[in-house]
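# Structural description and commentary
As a plain string of letters, each chain reads:
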Amino acid sequence: MSQDDEELDELRQERLEQLKEQQQGEGASEAREQQRQQAEAQKKAALRKTLTDSARQRLNSVKMSKPEFAEQVEQQVVALSRSGRVNGKIDDEQMKSLLSELQPDKQEFNIKRR
């Protein structure tokens, strides 16, 4: 083998190692995505089991206007369900009270006209 062939072989080996490392990185990213999807599916199943249809509709309405707040509420409902502090299903009235408890205090403005 000539020196050019040896250099070419070395370059091929380096490139092959780079490709292997890249594939391993993509595999880890796929695994994280799969874990995230699995956690999302478990959360949805827990919500379906814990909430009545009307409560789920109210939560979906909140999710449309305030997605971050709705995510917080979903996590709270799942935590309550897992800890066993929920008797039966959460109905619409209980969801209203939960939303009002978790929502930060609003400032009220009273405007008086003379």
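None of these values were measured; they are calculated from a predicted model. (Residues numbered from 1 in each chain as written. Predicted model: local features only at pLDDT ≥ 70, side-chain atom pairs only at ≥ 80, totals over all residues. Heavy atoms only, no water.)

## Side note on the confidence of the model for the chain
Rules: Note: pLDDT gives the predictor's confidence per residue, expressed from 0 to 100. Helix and strand assignments come from DSSP, with helices taken as H or I runs of at least 4 residues and strands as E runs of at least 2, each series counted from the N terminus.
For the chain, per-residue confidence averages 85 on the pLDDT scale, and residues scoring 70 or more make up 96% of the total. Across the chain, the secondary-structure element scoring lowest on mean pLDDT is helix H1 (residues 3-50), at 83, and the one scoring highest is helix H2 (residues 53-65), at 93.

## Overview of the nonpolar core
This is how the line gets drawn: Nine residue types can take part in a nonpolar core, namely buried Ala, Val, Leu, Ile, Met, Phe, Trp, Tyr and Cys, and a core is a set of them joined through side-chain atoms within 4.5 Å. Note on exposure labels: buried denotes an accessible area under 20% of the residue type's maximum, exposed denotes more than 50%, and partly exposed covers the range between, all computed with a 1.4 Å probe on protein chains only. We call two residues in contact whenever any of their non-hydrogen atoms come within 4.5 Å of each other.
In this structure, Leu 51, Leu 59, Val 73, Val 77, Met 95, Leu 98 and Leu 99 are the most contacted members of the largest nonpolar core, which totals 16 residues. Listing elements by their share of this core, those giving two or more residues are H1, H2, helix H3 (67-83) and helix H4 (92-102). By residue number, the principal contributor to this core is H3, which donates six residues. Beyond its immediate stretch of four places on either side in the chain, Leu 51 contacts Arg 56, Leu 59, Val 77, Lys 89, Ile 90 and Met 95.

## Side note on the packing of H2 against H4
Our working rule: Orientation is described by lines fitted to C-alpha atoms, with helices fitted over the stretch in contact, and by angles between N-to-C directions that extend from 0 to 180 degrees. Here a crossing is taken to be left-handed if its near helix is turned anticlockwise relative to the far helix by less than a right angle, and right-handed if that turn runs clockwise. Residue type decides the class: Asp, Glu, Lys and Arg count as charged, Ala, Val, Leu, Ile, Met, Phe, Trp, Tyr, Cys and Pro as nonpolar, and the leftover types, Gly among them, as polar.
In the contact formed by H2 and H4, the axes pass within 8 Å of each other and the chain directions differ by 35°. The handedness of the crossing between H2 and H4 is right-handed. Counted together, Ser 54, Ala 55, Arg 58, Leu 59 and Val 62 of H2 and Asp 92, Met 95, Lys 96 and Leu 99 of H4 form the full contact between these two elements. Partitioning the contact of H2 with H4 into residue classes produces five nonpolar, one polar and three charged.

## Details of the pattern of salt bridges
Put simply, the rule reads: Between Lys or Arg on one side and Asp or Glu on the other, a salt bridge is scored when a side-chain nitrogen of the former is within 4 Å of a carboxyl oxygen of the latter.
Per the counting criterion, the structure on display carries nine salt bridges. A salt bridge links Arg 36 to Glu 33, with the nearest nitrogen and oxygen atoms 2.7 Å apart. Placement of both Arg 36 and Glu 33 in helix H1 is noted, with a separation of three residues, approximately one turn of the helix. Taking the relative accessible area as the measure of exposure, Arg 36 reaches 47% and is therefore partly exposed. Here Glu 33 falls in the partly exposed class, since its relative accessible area comes to 35%. The shortest N-O distance in the salt bridge between Lys 43 and Glu 40 comes to 3.6 Å. Of this pair, Lys 43 and Glu 40 both sit in helix H1, separated by three residues, roughly a single helical turn. The class for Glu 40 is partly exposed, based on a relative accessible area of 29%.

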